[in-house]
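Listed here are the chains, written in short residue letters.
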Amino acid sequence: MVRIETDLIVAEDGTATIKIQVPPEVAPGEHKAIIQIDGQSSQQTAPSKITFSAHDVGPWPEGLTFSRDQIYDDDGR
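Summarised in this report is the structure supplied together with it. (Residues numbered from 1 in each chain as written. Predicted model: local features only at pLDDT ≥ 70, side-chain atom pairs only at ≥ 80, totals over all residues. Heavy atoms only, no water.)

Quick notes on the overall build of the chain
Right, on to step 1. Each helix and strand counted, the chain has one helix and zero strands in total.
Right, on to step 2. Within the chain, the fraction of its 77 residues that count as buried is 0%.
Right, on to step 3. If you sum the accessible surface of the chain, you get close to 8,800 Å²; carbon and sulfur atoms cover 52% of it. (Helix = DSSP H or I, 4+ residues; strand = E, 2+ residues; numbered from the N terminus. Buried < 20%, exposed > 50% of the residue type's maximum accessible area, 1.4 Å probe, protein only. Areas by Shrake-Rupley, 256 points an atom, 1.4 Å probe, with all protein chains shown as cover.)

See below:
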């Protein structure tokens, strides 16, 4: 099996034409090829960073615990 990576542009009508140069070890003739679209458009902009504001609420109260019994109910949820 030979792995070939290339870029393609999908038109508005959902079609794309692909022309690739295969390595010399691929013999002429009919071959089965699988195309996998990674879901990421190379033209998409990177998502903006999310910034969280930090609010100092002081130290945890003395003796504060979050045991499993306090977090989950009888059904384990």
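Comments concerning a nonpolar patch on the surface
Right, on to step 1. Together, Val2, Ile4, Leu8, Val10, Ile18, Ile20, Val22, Ile35 and Ile37 make up an exposed nonpolar region whose accessible area comes to about 740 Å².
Right, on to step 2. Here Leu8 is to be found in the segment before α1 (68-71). (Patch = residues over 30% accessible without salt bridge, like charges linked within 9 Å, V, L, I, M, F, W, Y side chains within 5 Å. Salt bridge = Lys/Arg side-chain N within 4 Å of Asp/Glu carboxyl O.)

Some details on the pattern of salt bridges
Right, on to step 1. Under the definition given, this model contains one salt bridge.
Right, on to step 2. Between Arg3 and Glu5 there is a salt bridge, with the nearest N and O atoms lying 2.6 Å from each other. For the pair Arg3 and Glu5, one class covers both residues: exposed.

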